[in-house]
Amino acid sequence: MPTRDLTFAIVGSGGDGVITTGDMLAQTGASVGLHVMKVEAYGPQIRGGESSCTVRVSADPIYAQGDLVQVLVVFNWADFAQFRGEILAAPDAIVLYEEADDTPREEIDLGPETDDVRWVPVPFIELAKESAGTKLAKNIVTLGLLSELFMLPQEPLEQAIKGKFAKKKPEVLEANLKGFEAGKIHASKITEAASGKRMQYTAGEPMLLMSGNELSAVAALHAGCRFFAGYPITPSSEVLHLLSELMPKVGGYLVQTEDELSAIGAVIGGSFAGVKSMTATSGPGLALMTEMLGLASMAEIPAVIIDVQRGGPSTGLPTKSEQSDLWQALWGSHGDAPRVVLAPADVEDCFHATVAAFNIAEEAQVPVIVLSDQFIAQRRETLSMLTLDHEVTGRQVPSAGDLRDYKRYKETKSGISPMSWPGMKGGEYQTNGLEHTEDGSPTSMFLTHEKMNAKRYRKLRRVRDKYSFYRHYGAEKADVGIICWGSSKGPVKEAVLKANGRGERVAAFVPQLLYPFPFHEFQEFIKTVSEVIVVELSYSAQFYKYLQTFLELPEGHTYVYKRSGGKNLTVSEVEDKIQKVLEMSAMRREVLV
Amino acid sequence: MSAAGVKVELKPGAYKSGLKPVWCPGCGDFGVLNALYRAMAKLQIEPWNTVILSGIGCSSRLPGYVKTYGFNGVHGRALTLATGVKVARPELTVIAVGGDGDGLAIGGNHLIHSCRRNLDILYILMDNEIYGLTKGQVAPTTPTGDKTKSTYWGNPEPSVDPCELAISTGATWVARGFSGEMKGLTEMISAGLEHNGFSFLNVMSPCVTWRGDDQFKEMKAKVAQLPEDYDPSRRKNAVKYTREKDKITTGVLYEVEAPSLTDQLEDMKTRAMAGNGSQSTKEMLSSFYPSF
Ligand SMILES: Cc1ncc(C[n+]2csc(CCOP(=O)(O)OP(=O)(O)O)c2C)c(N)n1
Ligand code: SF4
Ligand SMILES: [Mg+2]
């Protein structure tokens, strides 16, 4: 029986070429129109140390990383041990491991249910040395082996190898091609091992292969961003990297500042000067930006801040995902500081959310935080070319009449006042982190403060009315309704669709606008479900507690599934919770009858 | 930073915003403000194409008193805001101002990096050797031993010479002025505005309230001029006039030519756009199709 969906994991240490192997697999899949999701994981070491690459390849659309690995390649069991509890083998997985590594089986923890695993020793090092003359080629041997065993497209793989070594000496390319052949030949000797796991698919048009960070960068330019200031921090730096190439190509400017204080200051300065401006960071950087986020709220200056969340607090888990910057994003400020918080729910969404962030920031003259996270920001997956029919808006500028007696912070019904920028004659004004009157002059008067607070908060109403982003999956009327946000959506969506496939009435609500919250839509959703599960990767349940501050979740019918980040949410975890709650509600019905 | 010609001649008074300064009578910052009005009039700077940014402190109130675009930001971050304005809109005239605490303590890191980048702006630091706004605590420029509100037993720390710091971290124009010397100060401000690159002007600007009336007199008595034949293009000459104990030597200590950040970024843009011009979103995305 062939399959349409396979998850590979390759594990080794830095020098083993694990990531290159995963990259090439992913690129090859994308080139023939397969759906691909690639996730990398590392230890905290800068070079060397354990690394893993998980690649899910499917003939059908996919929404999550495969929970269980069907094909596991292990170059070194000591490295594998570092991912204990994170990389789990499927019950009937094939484990292709380095023959020369004689770690006893009982010391290897593949996961909870692995009795039927097929253990296949492979002399990776020996094959590489024999064919290519160097053990460095073992990743290329692996590619030959995998492609032959699982019927992966070989021609693009060969192309990829040629591309990779094009700039090297011809002997190097030749040696690697020999390695590839050697892998294929070895595969033909162990074909049985792959029974039931050969891919079946029809090749189609190539797909884009991108990460959330890359999409955020391109989206910013699409939305008209022409100034970026940032300070490197994992897992957000790819935004800085890509923009450092692209920004000057579209006539814009970029500065790597001395710290995040400077990054947000420069963004506020650029935006004050009339140019759409953005920064990207992670939790520790957002913490440093907090004071000036308040400045942007107070001075009503548009600013877009992408926060790619990682495990925290403090330096935490720099390379791994978590959903625990929520409170910081919503409330991290002194004073009453209105801002908008958006959360992309998948890789492609990073594009849409970033464009929306600029529109909202410019229209409402507020800072907008885009709460992305490592899982969607750094994993690469396939997508079709975007339609790019997004509305791109800008800020309201003063009319000639306004400029005759210009009041930058003029009282208006919506709270939004036309904003001039340098170059506009008659539009000169002083802006201020101090409370100020309509013309921008500092004041400490209570009455003005109260009036201006109301003005600044009033602007959020329009944001909520115009942008009630949320997603709704699954049954119209459901026994179980899941509420989650951000990257949890992928596994939740897949679990919901699977449950629906079994005839279970399950649904999910995923707000992408977190603040101001799409309250009415959420109330409508709650009316259609009997039991509620809040799902999130935050140990202290930040999302659940946030919802509780303004919503009444059904008493006695609300469950919370929360845990720390550091390991991505899996479909089976969500399915398990759905089953438990379904059983519970069935039990309750019986009792009531 | 040059100003294009304008039809109506702007007098110094034309640069007044109309807002009355909150400074104590006799505060040195009045002198800086007046010199700035004069220098702007001298260069006929267009207010609508000019941005003045500051942090927090008595001195940082200055932008409110000038009829240009103004930004009174948060403590220590004037230069971060100015970086954004200048980089995003290189054609604007950008001036940052603030106090010794603002620019050397909480914002010291930004000063170092603005010097190093040769950011094309004028930065005026009003040095009163004290924290004025917060009522008299020790500052990085307070002399060792001085008693302040926060150094009951006398300041235990050495002070910094801001000009020396600026020279050593890459500023390409460094001057020292005195708020009581209107003519010299006006000339320095206009020269600093015309310089291409980071212009750092440290103005000794007494705080009558927290350093007493004597501070003005003492400073005035110490003021000295650079020699007639002084050559500001040599770092080693300039360094002789830093860390002075008994003198406050005023004038342009250091001036060299080097590409400013604006020059560098414009060059980068030209290289990036050479041949193909601006890229469309679709082109940018298409580069992510697998290519072997
Ligand atoms: C983050 C932060 N910390 C502290 C303060 C309080 N504060 C305001 S101004 C100032 C120092 C002012 O001294 P200086 O910069 O020398 O300006 P001056 O008033 O002397 O002109 C301090 C500590 C603040 N506003 N923000
Ligand atoms: S306290 Fe000092 S620095 Fe502040 S306004 Fe008064 S004299 Fe000037
Ligand atoms: Mg001071």
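Residues numbered from 1 in each chain as written. Chains lettered and ligands numbered in written order. Predicted model: local features only at pLDDT ≥ 70, side-chain atom pairs only at ≥ 80, totals over all residues. Heavy atoms only, no water.

**Describing the overall build of chain B**
And then number 1: Per the secondary structure count, chain B includes 10 helices and eight strands.
And then number 2: Computed over C-alpha atoms, the radius of gyration of chain B comes to 20 Å, within 12% of the 19 Å expected from 2.2 N^0.38 for 292 residues, which places it in the range of a compact globule.
And then number 3: Judged by the C-alpha coordinates and their principal axes, chain B covers about 70 × 50 × 40 Å.
And then number 4: The proportion of buried residues among the 292 residues of chain B is 56%.
And then number 5: Working note: accessible area of chain B is about 12400 Å², and carbon and sulfur atoms make up 53% of it.
And then number 6: The distance from the centre of the 32 positive side-chain charges to the centre of the 30 negative ones in chain B is 4 Å. (Helix = DSSP H or I, 4+ residues; strand = E, 2+ residues; numbered from the N terminus. Rg over C-alpha atoms; globule rule 2.2 N^0.38 Å. Buried < 20%, exposed > 50% of the residue type's maximum accessible area, 1.4 Å probe, protein only. Areas by Shrake-Rupley, 256 points an atom, 1.4 Å probe, with all protein chains shown as cover. Lys, Arg positive; Asp, Glu negative; His and termini not counted. Charge placed at Lys NZ, Arg CZ, Asp CG, Glu CD.)

**Section: the packing of aromatic side chains**
Centre-to-centre distance and the angle between the planes together describe a pair of aromatic rings.
All names here are of chain A.
And then number 1: In the structure shown here, the tally under the stated rule is 31 aromatic pairs over all chains.
And then number 2: Seen in terms of ring centroids, Trp77 and Phe80 are 5.4 Å apart; in terms of plane orientation they differ by 85°. Their pairing is edge-to-face. Of this pair, Trp77 and Phe80 both sit in helix α2 (residues 77-81), three residues apart, roughly one helical turn. A single burial state applies to Trp77 and to Phe80, both of which are buried.
And then number 3: A relative accessible area of 5% places Trp77 in the buried class.
And then number 4: Linked through ring pairs, Trp327, Trp331, Tyr470, Phe509, Phe517, Phe519, Phe522, Phe525, Tyr546 and Phe550 together constitute an aromatic cluster. (Phe/Tyr/Trp six-rings, centres within 6.5 Å; stacked < 30°, edge-to-face > 60°.)

**Let's talk about the domain arrangement of chain A**
And then number 1: Per the domain assignment, the segments making up chain A are domain 1 (5-194), domain 2 (209-387), domain 3 (400-466) and domain 4 (470-592).
And then number 2: Computed from C-alpha coordinates alone, the two centres of domain 1 of chain A and domain 3 of chain A are separated by 59 Å. (Domains from an automatic or database assignment.)

**Quick look at the site of ligand 1**
And then number 1: Near ligand 1 there are 17 residues, and of these B:Cys58, B:Ser59, B:Gly101, B:Asp102 and B:Gly132 occur at the shortest range.
And then number 2: Surrounding ligand 1 are residues belonging to chains A and B, so the site spans chains.
And then number 3: Between B:Cys58 and ligand 1, the recorded distance is 2.8 Å, taken from a backbone N or O atom to an oxygen atom.
And then number 4: Within the side chain of B:Asn128, one N or O atom sits 3.0 Å away from an oxygen atom of ligand 1.
And then number 5: When the free accessible area of ligand 1 is taken as 580 Å², the share hidden by the protein chains comes to 76%.
And then number 6: A total of four residues in the shell around ligand 1 trace back to one element, the largest contributor, which is helix α3 (residues 100-106) of chain B. (Near = heavy atom within 4 Å. Polar contact = N/O pair within 3.5 Å; in protein donor to acceptor, adjacent residues only side chain to side chain.)

**As for the environment of A:Thr103**
All names here are of chain A.
And then number 1: With respect to the helices, strands and loops of the structure, Thr103 is situated in the loop between β5 (88-98) and β6 (118-122).
And then number 2: The class of Thr103 is partly exposed, set by a relative accessible area of 27%.
And then number 3: The sequence separation of Thr103 and Tyr253 amounts to 150 residues, and the corresponding C-alpha distance is 54 Å.
And then number 4: Apart from residues lying up to four places away in sequence, Thr103 is in contact with Trp77 and Ile108. (Contact = heavy atoms within 4.5 Å.)

**Concerning the coordination of the magnesium ion (ligand 3)**
All names here are of chain B.
And then number 1: Only Asp100 (OD), Asn128 (OD1) and Ile130 (O) from the protein coordinate the magnesium ion (ligand 3), and they sit 2.1 to 2.4 Å from it.
And then number 2: One chain supplies every donor to the magnesium ion (ligand 3), and in sequence these donors are spaced D-x27-N-x1-I. Taken together, the positions of Asp100 in helix α3 and Ile130 in the loop between β4 (122-127) and α5 (162-169) put the pair 30 residues apart, joining distant regions of the chain. Across the pair, exposure class does not vary: Asp100 and Ile130 are buried alike. (Donors = N, O, S within 2.8 Å, 3.2 Å for Na, K, Ca; no water.)

**Section: the pairing of strand β11 (residues 303-309) of chain A**
Residue and element names in this part refer to chain A.
And then number 1: Among the seven residues of β11, seven are classified as buried, and the element is accordingly described as predominantly covered.
And then number 2: Burial along β11 is two-sided: Ala303, Ile305, Asp307 and Gln309 and Val304, Ile306 and Val308, pointing in opposite directions, are all buried.
And then number 3: For strand β10 (residues 277-281) and β11, the ladder comprises four bridges, and the chain directions are parallel. Pairing of Met278 across the sheet is with Val304, part of β11.
And then number 4: The β-α-β motif built from β10, the intervening helix α10 (residues 283-299) and the parallel element β11 has right-handed crossover chirality. (Pairing = 2+ DSSP bridges. Right-handed = clockwise from strand over helix to strand, strands pointing away.)

**As for the sheet that holds strand β5 (residues 173-178) of chain B**
And then number 1: Reading across the sheet, the nine strands line up as β15(A)-β2(B)-β1(B)-β3(B)-β4(B)-β6(B)-β5(B)-β8(B)-β7(B) and stay open at both edges, with mixed pairing between neighbours. What marks the edges here is a single partner per strand, and that holds for β15 (430-432) of chain A together with β7 (223-225) of chain B. Here the average twist between neighbouring strands, direction ignored, is 20°.
And then number 2: Looking at chain direction, β4(B) and strand β6 (residues 199-204) of chain B are connected through six bridges and run parallel. Across the sheet, the residue bridging to B:Leu122 is B:Ser199, located in β6(B).
And then number 3: Contacts from helix α1 (residues 29-43) of chain B reach β1 (50-54), β3 (93-99), β4 and β6 of chain B within the one sheet, and its direction differs from that of β4(B) by about 155°. (Axes fitted to C-alpha atoms, helices over the stretch in contact; angles between N-to-C directions.)

**So, the interface of chain A and chain B**
And then number 1: Taken together, the 68 residues of chain A in the interface contact 49 residues of chain B.
And then number 2: Summing both sides of the interface, chain A and chain B together bury roughly 4900 Å²; the carbon and sulfur share of this comes to 69%.
And then number 3: On the surface where chain A and chain B come into contact, there are two salt bridges.
And then number 4: The partner of A:Glu258 in a salt bridge is B:Arg117, with the nearest N and O atoms 2.8 Å apart.
And then number 5: Scanning the region where chain A abuts chain B turns up 21 residue pairs in polar contact (both at pLDDT 80 or more).
And then number 6: Per element, the largest residue contribution to the side of chain A that touches chain B is eight residues, and it comes from helix α9 (residues 260-272) of chain A.
And then number 7: Across the side of chain A that touches chain B, the residue classes tally to 38 nonpolar, 22 polar and eight charged.
And then number 8: Relative to strand β2 (residues 69-72) of chain B, β15(A) runs parallel, the two sharing three bridges. Across the sheet, residue A:Thr431 finds its bridge partner in β2(B), namely B:Phe71. (Buried area = accessible area lost by both parts, 1.4 Å probe. Salt bridge = Lys/Arg side-chain N within 4 Å of Asp/Glu carboxyl O. Nonpolar A, V, L, I, M, F, W, Y, C, P; charged D, E, K, R; others polar.)

**A short note on the pattern of salt bridges**
All names here are of chain B.
And then number 1: Applying the stated criterion across every chain, the model contains 46 salt bridges over all chains.
And then number 2: Salt-bridge contacts for Lys269 lead to Glu266; the nearest nitrogen and oxygen are separated by 3.8 Å. Taken as a pair, Lys269 and Glu266 lie in helix α9 (residues 261-273) at a separation of three residues, close to a single helical turn.

**Things to note about the layout of surface pockets**
Residues and elements named next belong to chain B.
And then number 1: As a volume, the largest pocket reaches approximately 700 Å³.
And then number 2: Lining of the largest pocket is provided by 25 residues; of these, Glu129, Thr141, Pro143, Ser159 and Glu244 occupy positions nearest its centre.
And then number 3: Going through the elements one at a time, β6 and α7 (214-222) are the ones with two or more residues in the lining of the largest pocket.
And then number 4: The greatest single-element share of the lining of the largest pocket, amounting to five residues, is contributed by α7.
And then number 5: For the lining of the largest pocket, the per-class residue count stands at seven nonpolar, five polar and 13 charged. (1 Å grid on protein atoms, 1.4 Å probe; cavity = no way out; pocket = protein on both sides within 12 Å on 5 of 7 lines; lining within 4 Å. Points joined across faces, edges and corners; volume = space filled by probe spheres on them.)

**Focus on the sheet that holds strand β18 (residues 506-511) of chain A**
Residue and element names in this part refer to chain A.
And then number 1: Strand order in the open sheet formed by five strands is β16-β18-β17-β20-β21, with mixed pairing between adjacent strands. Bordering the open sheet on either side are β16 (470-474) and β21 (558-562), each of which pairs with just one other strand. Strand-to-strand twist in this sheet, taken as the mean axis angle between neighbours without regard to direction, amounts to 20°.
And then number 2: Pairing of β16 with β18, which is carried by five bridges, proceeds in the antiparallel orientation. If you follow Gly474 over to β18, its bridge partner there is Ala507.
And then number 3: Relative to the sheet, helix α16 (residues 489-501) contacts β16, β17 (478-483), β18 and β20 (529-536), its axis offset from that of β18 by approximately 160°.

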